[in-house]
Amino acid sequence: MEILMENIDFSNLDKRIAHVKEEQIVELMQKYYEGEKVSKILDEYKIEISVSQLYSLFPPAITDEKCIHCESSMVKSWESKSSPSFIVYGILKM
């Protein structure tokens, strides 16, 4: 499974994850979706949030859809890995 950095919108990072470099954010997202223990990820990247909320800090995924008004790319929030449809717009490749 691979998360592509160019498909992530880093322009408005949550302050609780802003100390982590972009490459590391992609790394930790991959670890999360590959099933690594979330408490371990939080410790490793020094993120202070509850285990169940980690995915909510992830920067949005850039989709292939365009805004009908301005033609800019649309973004989508990430889903929990326990959600039945957490694979978002082909961004996660298996």
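Residues numbered from 1 in each chain as written. Predicted model: local features only at pLDDT ≥ 70, side-chain atom pairs only at ≥ 80, totals over all residues. Heavy atoms only, no water.

Visitor: Hey, could you run me through the packing of aromatic side chains in this one?
Guide: By convention here, two paired aromatic rings are described through the distance between centres and the angle between planes. The tally for this structure, following the rule as stated, stands at four aromatic pairs. An angle of 85° between the planes, with centres 4.8 Å apart, marks the rings of Tyr32 and Tyr33 as edge-to-face. The buried category is assigned to Tyr33, whose relative accessible area is 5%. Connected via pairs of aromatic rings, a cluster forms that spans Tyr32, Tyr33, Phe58 and Trp78. Positioned above the aromatic ring of Tyr32 is the side chain of Lys81, whose terminal nitrogen or guanidinium carbon lies 4.8 Å from the ring centre. (Phe/Tyr/Trp six-rings, centres within 6.5 Å; stacked < 30°, edge-to-face > 60°. Buried < 20%, exposed > 50% of the residue type's maximum accessible area, 1.4 Å probe, protein only. Lys NZ or Arg CZ within 6 Å of the ring centre and 35° of its normal.)

Visitor: Explanation requested: the environment of Glu27 in the structure shown.
Guide: With respect to the secondary-structure elements, Glu27 resides in helix 1 (residues 22-33). Residue classification places Glu27 among the partly exposed residues on the basis of a relative accessible area of 41%. Between the C-alpha atom of Glu27 and that of Met5, which follows or precedes it by 22 residues, the distance is 9.5 Å. In terms of polar contacts, Glu27 uses its side chain to reach the side chain of Tyr45, at 2.8 Å. (Helix = DSSP H or I, 4+ residues; strand = E, 2+ residues; numbered from the N terminus. Polar contact = N/O pair within 3.5 Å; in protein donor to acceptor, adjacent residues only side chain to side chain.)

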